[in-house]
Amino acid sequence: MDDHSLKFSGGYTSLPASHLPGSVPAAVDGVPRASEFGEANLQTFPPSNGQGRMWGYQPTPNVDGPSALPDVGGEHNAQPSNGWKGLCNIASYRPYFNVDTYVVVERIIGSLYPHKGDFIEKIAHNPDMYGPVWISTTLVFLATVLGNFAAYLSFEPSSTVTEWVYDINYVNWAAAIFYAYISLVPLGCYFLLQYLGVSLSLVQIWCLYGYSLFIFIPASFLLIIPTEILRWIVISLAGLASAFFVALNLQSHIMATSDKWTIPVVSSFIVQICLALLIKFFFFV
């Protein structure tokens, strides 16, 4: 047998494989390793470990802290701050924007039925600011666009003004009116209730006043009709519906624990009517 045959017939097999460069030692126990992924397929990704936990990055536990890897900046582990310090902490507002779409829709529908008076009780355990923020922002946009469109439909050329001009100041007025309303009016209501000894959180009041504005969104589309008497009917109905929604809900909540409901209920009703008049005189004249 020649040297060439010895190379391929096992003549050199006496050399230990662990001494060869780049070699990896073989497993010596012979026990097959069971996979932790269970039954995975292309329909399920990422795979589960069989205990309901999805595989991915998992911080290693440490006895000295909640995680072996520190959270840079503390952004993910930030907890809502208590007291007035929480006003400057974004984490304090996260729970009030963690709301499902169907919950927001349900509350919007509930704001269209002012006679029930159970809105505060329904939001007691999960008041949100998502709905009020987007409703007021939508009203800023609609009041600007539809207000100018209503002015365009009602425009009649004269000797001094021959053509219609878009009024950009509607944006400033709309933002000032709706954002000031949704910020300051609930705050004033909160301090009034605290003075009267009525227990109601500020977020619940914000939620109540925010959803009370929704009725003005469909009303804005009807206010573009260039008929003054129809505009007054629409804004009157919208203002009364919004005012009764706030007033009746406050009355139901206050009367459950106190009899000092006259001042907050009447004042909230008047404020809602004033808001309706502002919308009419500033945007749909």
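Just so you know, these numbers come straight off a predicted model, no measurement behind them.

What is the right way to look at the overall build of the protein chain in this model?
Looking only at helices and strands, the protein chain has nine helices and zero strands in total. The secondary structure elements of the protein chain, listed N-terminal to C-terminal, are α-α-α-α-α-α-α-α-α. The buried share of the protein chain, reckoned over its 285 residues, is 32%. Counting every atom, the protein chain has about 18700 Å² of accessible surface; 64% of that belongs to carbon and sulfur.

Mind showing me how you'd approach a nonpolar patch on the surface here?
Judged by side-chain polarity, W173, W232, L277, L278, F281, F282 and V285 come together as a nonpolar surface patch covering roughly 660 Å² of accessible area. With four residues, helix α9 (residues 262-283) is the single largest residue contributor to the nonpolar patch. Within the element layout of this structure, L277 appears in helix α9. Judged by relative accessible area, L277 falls into the partly exposed class, the value being 35%.

Looking at this model, I keep getting lost on the layout of surface pockets. Mind explaining?
A probe matching the size of a water molecule, rolled over the atoms, marks out where space remains unfilled. There is about 200 Å³ of room inside the second largest pocket. Together, 13 residues line the second largest pocket, and E106, R107, G110, F119 and K122 are the ones closest to its centre. Those elements that place two or more of their residues in the lining of the second largest pocket are α2 (101-111), α3 (119-122) and α8 (228-255). Among the elements that take part in the lining of the second largest pocket, α2 stands out by supplying four residues, more than any other. Residue composition of the lining of the second largest pocket, by class: five nonpolar, three polar and five charged.

How should the side chain of S136 be read in this particular structure?
Within the fold, S136 resides in helix α4 (residues 130-154). Since its relative accessible area comes to 1%, S136 is described here as buried. Those residues in contact with S136 that sit more than four places away from it in its chain are F178, Y179, I182 and L213.

How do you make sense of helix α6 (residues 202-212) when you look at a structure like this?
Think of an α-helix as 3.6 residues a turn; residues three or four steps apart then line up on the same face. When you tally the buried positions in α6, you get eleven out of eleven residues, the bulk of the element. Within α6, burial applies to L202, V203, Q204, I205, W206, C207, L208, Y209, G210, Y211 and S212.

Honestly, the nonpolar core in this entry has me stumped. Any pointers?
Residues F216 and L250 are the most contacted members of the largest nonpolar core, which totals 56 residues. Elements that contribute at least two residues to this core include exactly α2, α3, α4, α5 (169-196), α6, α7 (216-222), α8 and α9. Tallying contributions element by element places α5 first for this core, with ten residues.

Any chance you could explain the packing of aromatic side chains here in plain terms?
How two aromatic rings sit relative to each other is set out by the distance from centre to centre and by the angle between their planes. Per the counting criterion, the structure on display carries 14 aromatic pairs. Look at Y152 and W164: their rings are 5.3 Å apart centre to centre, the planes differ by 70°, and that puts the pair in the edge-to-face class. On the criterion of sequence distance, the pair formed by Y152 in helix α4 and W164 in the loop between α4 and α5 is long-range, its members being twelve residues apart. The class for W164 is partly exposed, based on a relative accessible area of 28%. Ring geometry for W173 and F282: centres 4.7 Å apart, planes at 40°, overall tilted. Of this pair, W173 sits in helix α5 while F282 sits in helix α9, and the two are 109 residues apart along the sequence. Classification of F282 by relative accessible area gives partly exposed; the value is 31%. Grouping aromatic residues by their ring pairs yields a cluster made of Y170, W173, F178, F282 and F283. Across from the ring centre of Y113, 5.0 Å away, lies the NZ or CZ of K116, which sits over that ring.

I tried to follow the pattern of salt bridges on my own but got confused; where do I start?
Opposite charge on two side chains permits them to pair, given that their charged atoms come into close proximity. Applying the stated criterion across every chain yields a total of four salt bridges. In this structure, R107 engages D128 in a salt bridge whose closest nitrogen and oxygen atoms are separated by 2.4 Å. Within this pair, whereas R107 is found in helix α2, its partner D128 is found in the loop between α3 and α4, the two being separated by 21 residues in sequence. Overall, D128 belongs to the buried group, its relative accessible area being 1%. Three or more residues are tied together by salt bridges with common partners; here these are E228, R231 and K280.

About the criteria used
Starting from 1, residues in each chain are numbered consecutively following that chain's sequence as written. Per-residue local features are limited, in this predicted model, to residues with pLDDT of at least 70; the limit for side-chain atom pairs, both in listing and counting, is 80 or more; totals at the level of whole chains, interfaces and linings are taken over all residues. Values reported for side chains reflect all heavy atoms of the structure, with hydrogen atoms and water molecules removed beforehand. Numbering goes from the N terminus for both helices and strands, where a helix is a DSSP run of H or I of at least four residues and a strand is a run of E of at least two. Buried, partly exposed and exposed residues are distinguished by accessible area as a fraction of the type maximum, computed with a 1.4 Å probe on protein chains only: under 20%, between the cut-offs, and over 50%, respectively. To be clear on the numbers: accessible area is Shrake-Rupley with a 1.4 Å probe, and residue cover counts the displayed protein chains and nothing else. Like charges are joined within 9 Å and nonpolar side chains (Val, Leu, Ile, Met, Phe, Trp, Tyr) within 5 Å, but only among residues with over 30% relative accessible area and no salt bridge; these make up the patches. Every case where a carboxyl oxygen of Asp or Glu lies within 4 Å of a side-chain nitrogen of Lys or Arg is listed as a salt bridge. Here the term cavity refers to a set of points on a 1 Å grid, laid over the protein atoms alone, in which a 1.4 Å probe fits but cannot get out; the term pocket refers to an open set having protein on both sides within 12 Å along at least five of seven lines, with lining residues being those that place an atom within 4 Å of a point. Grid points are joined across faces, edges and corners, and a volume is the space filled by probe spheres set on the points. Note on residue classes: Ala, Val, Leu, Ile, Met, Phe, Trp, Tyr, Cys and Pro are nonpolar, Asp, Glu, Lys and Arg are charged, and everything else, Gly too, is polar. It only takes one pair of heavy atoms within 4.5 Å for two residues to be counted as in contact. Buried Ala, Val, Leu, Ile, Met, Phe, Trp, Tyr and Cys residues form a nonpolar core when they are joined through side-chain atoms within 4.5 Å. Only Phe, Tyr and Trp rings are paired, with Trp represented by its six-membered ring, and only when their centres lie within 6.5 Å; those with planes under 30 degrees apart are stacked, over 60 edge-to-face, the remainder tilted. Either the NZ atom of lysine or the CZ atom of arginine qualifies as a charge over a ring when it sits within 6 Å of the ring centre and within 35 degrees of the ring normal.

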